[in-house]
Each structure stands twice: as C-alpha cells, then as structure tokens.
Amino acid sequence: MIKFNTDFDSEVKLVNNDITYVSSKHKLFNVNLKEIWQYRDLILLFVKRDLTTSYKQTILGPLWILINPLLSTTVFTVIFGIIAGIPTDGMPQFLFYMSGNILWGFFSSCLNRGSGTFLGNVRLFGKVYFPRLVMPISGIIYNLVNFFLQTSVFVILVIVYAVIGANVHPNWLIALTPLLVLQTAMLGTGMGLIISSITTKYRDLNVLVGFGVSLLMYITPVVYPISQVPVNFRWLMLLNPVAPIVETYRCAFLGRGSFEWPFLLISLAVTAGLLFWGVVVFNKVEKNFIDTV
Amino acid sequence: MLEMRENCVIKTEHLSKEYRLGVIGTGTLRRDLQSWYAKRRGREDPNSIIGTPDYEKGDSFLALDDVNIEINRGERVGIIGANGAGKSTLLKLLSRVTSPTDGSFQFRGRIASMLEVGTGFHAELTGRENIYLNGAILGMNRSEVSAKIDDIISFSECEKFIDTPVKRYSSGMFVKLAFSVAAHLDAEIMIMDEVLAVGDMRFQRKCLKKMRELAEQEERTVLYVSHNMSTIQELCNRCIVLEQGKVIFDGDVDEAIKCYLGGENDEFFSAEYEDDKYKDKVNNNLLCLERVKYNGRTTNIFYPGEKMLLQLEWKNLMDIDNLNLRIEVYDYRRYPITSFLAENIYKGKSGENGSLRLGLDIDMLTQGVYYTRYVFTSSLKPDAEPETVEAASGLVFRKTRRNVGSQPWKKSWGSVVLGEAEIIE
C-alpha cells in the first residue's frame, strides 16, 4: 500500500483556531490584558491620530502644546502672584505656578478623556468591537506625550533658574516623579471611567464634571502653597488624593512644599481603589451601553 | 458551553436579546427618581408617553428569540427578513457591539465586522493613514496592513489621492477606500450589514466577486445582511430567514428568498377579494375586483405547453366605457418580467357585475414561481391608480422545468425563453 505524505505543502495557512465564548453572564472584573495587548497597534494609531489631527490647519502646529501651559502660567502668575499677592514660599512665582499648572493639566485631561469614553465614541462603539479600554489607554498615552514635552520645558526653566542662582533646589524626590505621573494618570482615568459609565444614563453629570474639575482645582494646592492653609485644616486638604501628588512634585523640583509619606500613600491607595472601581463599572456598562445611550 | 465541531466557526445557543420598552431610563436623574417615586406610590408614571398601552410600560420585547445556528468554515451565509426581524441585532451580537440577554455563542478565530462603511475614518487623515487606522480598528495589526497596503490601494482605485486627506474625497471614493480595507482583512469571519448598498454597480460587483473568492479560496466565512435579493443570490450559498427574532428558514438561497418574499396565497388557484376589507386602501373607484380563478384547475402548477385560463369577476363602481387590463408578471424576487395587455375589453354601467375570461400563453416562461398583479385602467381615467398593489395582487403560478433544445433550462439563464438563434450565414 502506498502512503501519501500530505505534509509536503510548503505554504501552510495559519488559521487562527482560538475559540471565543460570549454569553449573557458577566464576570465582575474582566480585563483581558492579552486582548488589549493584541490591539497595541490600534492604541498607538489613536495616539498618532490625536497628535496629528489636533493641530491640523494651525500656523504654530504642535507648538501649541508648549504655548498653552506657558500662557496659562503667565495668567496665573499675574492674577494670583502679582495682583492677589499670594506668597509662594519663596519659590520663583513663574516656576511655582507652572509646576502646578502642568500637573493639573495632565490630571484634568486624563479625567476628561476618560469621562468622554462612552459618549464621545458612540458611533464607533456602535459599529465595531475592540476592547473599549483601548480608548482611555490611548488617551493616557496622548496626554503623557503632551505632559512629557511640557515637563521638558519646565525642567529647562528650572535649570536656568538654578544656574542664575534663584531659590530652587531640585532634590532626590525627583526619583519619585515616574510614580507621581503614573499615579496622576491612574487617578484621572479611574475617576473618568466612573463618570463615563454614569453619563451613559445620566447626562446631567456631563455639566457637573466641568464645574467639579475646576472646583477640585481650587481645593488642591495648585495656585497657592499648602503652607497658606491653616495648620488645623492641612490634613483635611491632603486627604484630597491630588493634593499630595502636586505638593510632592513641586517639592521634588523646587525644594519647598510639604512632602509627607502617609498622605502620599493614602493618595496611592485611593487611586488604586478608584481605578479598580472605575474598571469594574466600566466593564459592566460597556457590554450593553449601546442599547441605552 | 458545548463543544464545537471541527469545521464549525460560529455556533449560537439559545441566543436571545431582549429590549425593554417604554421606560428605558429618561436620561436625567431627576426624572428617573420621579418615575421611581410614582411607581412606589402606585401612581401613573409621569414620564411615560400618554396612551402607551400597559403591556409596553416596562415590558420587553425580544429582538432575537432563542436563535440556534451553526455556521461552517467557508460558508457564505445571507441573512434576510423584514425590517425589525432581528437581522441587525444578530450581527451586532456576533460582532460584540452589544451582549446577549440570554444564551451564548462561540466563534473560532477573529471576527471582522462591517456594520457600516468607513467606521472610524478620520476626515483630517490621508487615505493611507486611514487605511492603517481603519485596519487596526477592524482588528489587523500594523504589519498585516503593511503587507497588504498595495493591494488595498489598487483595489480601491484611489491611487492618485491616497496621500490626500479623506475630507477632500468624493463620497464614492470614500466608500471604495473603506470597503477595500475591509475586503483585505485577515479575519476568519466577516460580517457585513448592507454595506454594498453604497457604491456604484461596477464596484459592487467587484466587491461581491472578491468576497466570493475569499470564501472559496481561503475558506473565509461570510455573513451578509441585505434587502437586495440579487446580491444575496450572487454572494451566498446558504441563507437564513428571520421573522420576529426567530429563525424561520435556514438552507438553500432560492428557497429562502421564496420563503421570505412568498405570500400566503402561494398555493391558491382561486381567490376571493372581500371588497369591504380592501375598498378604502385602494384609491380606485373604477371597479372592485371580487374573484379570480384559474378555469378548470385545482392547482397553480402549469406544465410546458399548457395555456393559462384566467377568470376575473368584478363589480362596476362607475360607468365604464372601455376597460383596459394589464397583467403584470413578476419573478420570485418580485422583479417585473413581462406583462399581458388587453385593451377595450369591457363596457358596462355602474353597479353591474362584470366578468372576463382570458387565455394567457405562458409558454415562454421557464420553471419557477411567478407573481402577478392586475391593473385596470379606462380611457376616462388613463392614469388611475392600479386596482390594487398588495391586496388584489394576483394569483401565483408555478411552472415546471422544461427542455430547450437538447438541454434542460437552468434558472440562472433567465426567466424567459426566447428560443433558438437563427443562423444567417
């Protein structure tokens, strides 16, 4: 009997045989990191899309990423520093406001991106499936790029000020900045995901978010140092999870400010909690939001 | 979770999708609280639409009801049904845009869904950038797109404009580019919802051809929803008919189309038109058709060589001077094939009953089901509305297969036999 070898076929088609199972039952916490990793190209393309399209048909183009915080820092310096005369603990006013400004900007844009995930992408989500977390993740990366560019300018200014002998003292706390940045991103996105999940049903929240974010800024030591707050209330202030991050960040680059481990750790725990909660609600809502939106 | 057979790529088990009617949240917290409070006190919900029947309040409706289907590798499955039958819901579930309320499904490999052409295209990006973005949205990674980008661009016929922002494209170019991306996906399963309805005829055919090739040569599986029966016929080799969320037919394409389009009077050889039922619907006061039948028959099947004898009976609604009749013949897709004309066939006074016997030569028609419609006009009212469109649609007849020359006629050759060609030289 002749036996044929059927394995000689040189061009073997790679057929994906993974079985995906979808049912009406949901798990509480169901983040498929492997799947998100498979969509890494999509994440990067969304980042690229946002970077290339946000400044299309402008004369200065991406320079706006740097001009924006410089302009608003100038406004802060004039209004809060010069007109209102809020002391800055001896730190150069411009650097003081810039540090708070770019970190706050990073936080609020992460929050905004996160909270717009569902309502801002209804059309796309209604027509095609990909892991929905791709959207907030690409938002984080987009904001990180902006934040990194802005921080570079900030660092250059810090060095210039230090060289000309101003009152700035960068120190070892700078080693903590990667953690601070990550924490800010997680906190903003976590809160954003929660808001996003609720706004699919209650649009009222959309109006509140804008108001809430600016309110939150004023109970965070962005335009004033925490030393201006009565000693009895400082602990209350530092329970706001953004406050210790801003203070530590400022302390790292400028050498003044209150850096205290307990509050930073509390903030870290709150961040983890909010992020977890955010992902759980997000997971629950993403399955069927297209039916209610 | 039951095991899937080796060559099965999609399997649904008791797949159901329920939508709540009436009170799907009002969108604001205040109103939701109001509704909740009213319900607690047993009062009328202040936010429900007035006059909504009780069964709709907080009640639900099943867009998809216990669907069990298995689809094998390489099959090209058409899904047809009336609006609201659940076609799009099924595709939405399979492409995981929304999730089932009951039951489950499993699939093998990747599913690329095209529920819309050009999902995620960004107007400011160039054609080339959009190919990458759209490909990634549909589940391809960068290297897969790079490997195929030349094919995609040449298929789209947009080579010249590929580095221009798509906001400057004509809508036709936009559609072509978008479809090209989808046609080159590496996904094992492709889901399309009426996407070919856009684009010109030539490009539509090119796309259908491409989809067929993919299914035949690379064993891709295609799920295709359309209201256009001829594209279904061209592309699919299996067809599922949905009605009110249920699968009512699954199998051969022609049979399925017949099942979907065929009315309930398919088997009748005579019909009574109850005037009180249709009078108001039909805006024609010329006459009122009461009865039609095939003379001397107890079936609506006609064999080659048989003549159709049709008897029509009606009541005049006004004085009729010279009545014209047109009998329109449609094929099973409801495309008009031909018509019989009869002019100056009747004179009569208002209130009288009229009747007519006609002999119709239907020998040129090949095998299949044919639908008819009777349109009465008179010289006084030449542009009168057809006697009926739906209600008095005529009797259905079937013809059996016949041989033309030496071979049996195939349905795909057409519905009318024109005969042998004459050889001149």
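Model, not experiment: these values are computed from the prediction.

K.L.:
Can you explain the overall build of chain A? Please cite residues and give values.
P.N.:
On a plain count of helices and strands, chain A comes out with 12 helices and one strand. For chain A, the succession of helices and strands along the chain, N to C, is β-α-α-α-α-α-α-α-α-α-α-α-α. Each principal axis of the C-alpha distribution contributes one length, and for chain A these read about 95 × 40 × 40 Å. Per-residue burial over chain A gives 37% buried out of 293 residues.

K.L.:
Which residues make up the confidence of the model for chain A, and what values go with them?
P.N.:
All names here are of chain A. Confidence in the prediction of chain A, expressed as mean pLDDT, is 85, and 93% of residues score 70 or more. Summarising per-element confidence for chain A, the mean pLDDT is lowest in helix 12 (residues 289-292) (80) and highest in helix 7 (residues 177-199) (93). Every residue in residues 1-15 is under pLDDT 50, and counting partners more than four places away or in other chains gives two contacts.

K.L.:
An account of the nonpolar core is needed here, citing residue identities and associated values.
P.N.:
Membership of the largest hydrophobic core comes to 130 residues, with the highest contact counts inside it found for Leu42 of chain A together with Ile79, Ala178, Ala182, Ile191 and Cys239 of chain B. Per-element tally for this core: the top contributor is helix 4 (residues 93-115) of chain A, with 11 residues. If you look at the next biggest cluster of nonpolar residues, it comprises 23 residues, including Met308, Ile320, Leu395 and Phe397 of chain B.

K.L.:
Give a description of the pairing of strand 1 (residues 8-20) of chain B that names residues and reports values.
P.N.:
Residue and element names in this part refer to chain B. With three bridges connecting them, strand 1 and strand 3 (residues 70-72) associate as antiparallel partners. Across the sheet, isoleucine 10 pairs through a bridge with isoleucine 71, a residue of strand 3. Across five bridges, the pairing between strand 1 and strand 5 (residues 102-108) is antiparallel. Pairing of lysine 11 across the sheet is with glutamine 106, part of strand 5. Relative to strand 2 (residues 60-67), strand 1 is paired through five bridges, and the arrangement is antiparallel. Note that in strand 2 the partner of lysine 17 across the bridge is leucine 64.

K.L.:
I'd like a description of the sheet that holds strand 10 (residues 246-251) of chain B, backed by residues and values.
P.N.:
Backbone-to-backbone hydrogen bonds pair the strands of a sheet. The strands run either parallel or antiparallel. All names here are of chain B. Read across the open sheet, the six strands follow the order 6-7-8-4-9-10; overall the sheet is mixed. Each edge of the sheet is formed by a strand with only one pairing partner; in this case those strands are strand 6 (111-114) and strand 10. Across the sheet, the mean angle from the axis of one strand to that of its neighbour is 15 degrees, orientation sign disregarded. With five bridges joining them, strand 7 (residues 189-193) and strand 8 (residues 221-225) adopt parallel strand pairing. For isoleucine 191, the partnering residue across the bridge sits in strand 8 and is leucine 223.

K.L.:
Which residues make up the sheet that holds strand 13 (residues 301-302) of chain B, and what values go with them?
P.N.:
Residue and element names in this part refer to chain B. Spatially, 13-19-18-15-16 is the arrangement adopted by the five strands of the open sheet, whose pairing is mixed. Only two strands of the sheet have a single neighbouring strand rather than two, namely strand 13 and strand 16 (336-342). Looking at chain direction, strand 15 (residues 323-330) and strand 16 are connected through six bridges and run antiparallel. What sits directly across from leucine 325, in strand 16, is alanine 342.

K.L.:
I'd love a proper account of the interface of chain B and chain A, names of residues and values included.
P.N.:
Taken together, the contact pairs 41 residues of chain B with 31 residues of chain A. Those elements giving two or more residues to the side of chain B that touches chain A turn out to be strand 5 and helix 3 (127-137) of chain B. Element by element, the count of residues in the side of chain B that touches chain A is highest for strand 5 of chain B, at seven residues. Here the side of chain B that touches chain A is built from residues that sort into 16 nonpolar, 17 polar and eight charged.

K.L.:
Which residues make up the environment of valine 67 of chain B, and what values do they have?
P.N.:
Residues and elements named next belong to chain B. With respect to the helices and strands, valine 67 occurs in strand 2. In the structure, valine 67 is positioned 221 residues away from cysteine 288 in sequence and 44 Å away in space, judged by C-alpha atoms. If we ignore the near neighbours within four places in the chain, the residues touching valine 67 are Thr12, Leu15, Leu90 and Val247.

Thresholds applied
Along every chain, residues carry numbers that run from 1 in the direction the sequence is written. For this description, chains carry letters from A and ligands carry numbers from 1, given in the order in which they are written. Local features are withheld for residues below a pLDDT of 70 in this predicted model, meaning they are given only at 70 or higher, and side-chain atom pairs are given and counted only at 80 or more; totals for whole chains, interfaces and linings count all residues. Helix and strand assignments come from DSSP, with helices taken as H or I runs of at least 4 residues and strands as E runs of at least 2, each series counted from the N terminus. The burial label depends on the number of other C-beta atoms within 10 Å of a residue's C-beta. Counts of 20 or more mean buried, 12 or fewer mean exposed, and intermediate counts mean partly exposed, with C-beta atoms placed from the backbone. Values of pLDDT, the confidence the predictor places in each residue, fall between 0 and 100. The contact criterion used here is simple: two residues whose C-beta atoms, placed from the backbone, lie within 7 Å are in contact. When buried Ala, Val, Leu, Ile, Met, Phe, Trp, Tyr and Cys residues are joined through C-beta atoms within 7 Å, the set is termed a nonpolar core. A pair of strands counts as paired when DSSP detects no fewer than two bridges linking them. Where helices are involved, their axes are fitted lines through C-alpha atoms of the stretch in contact, as for all axes, and angles between N-to-C directions lie from 0 to 180°. Throughout, the ten residues Ala, Val, Leu, Ile, Met, Phe, Trp, Tyr, Cys and Pro are labelled nonpolar, Asp, Glu, Lys and Arg are labelled charged, and all others, Gly among them, are labelled polar.

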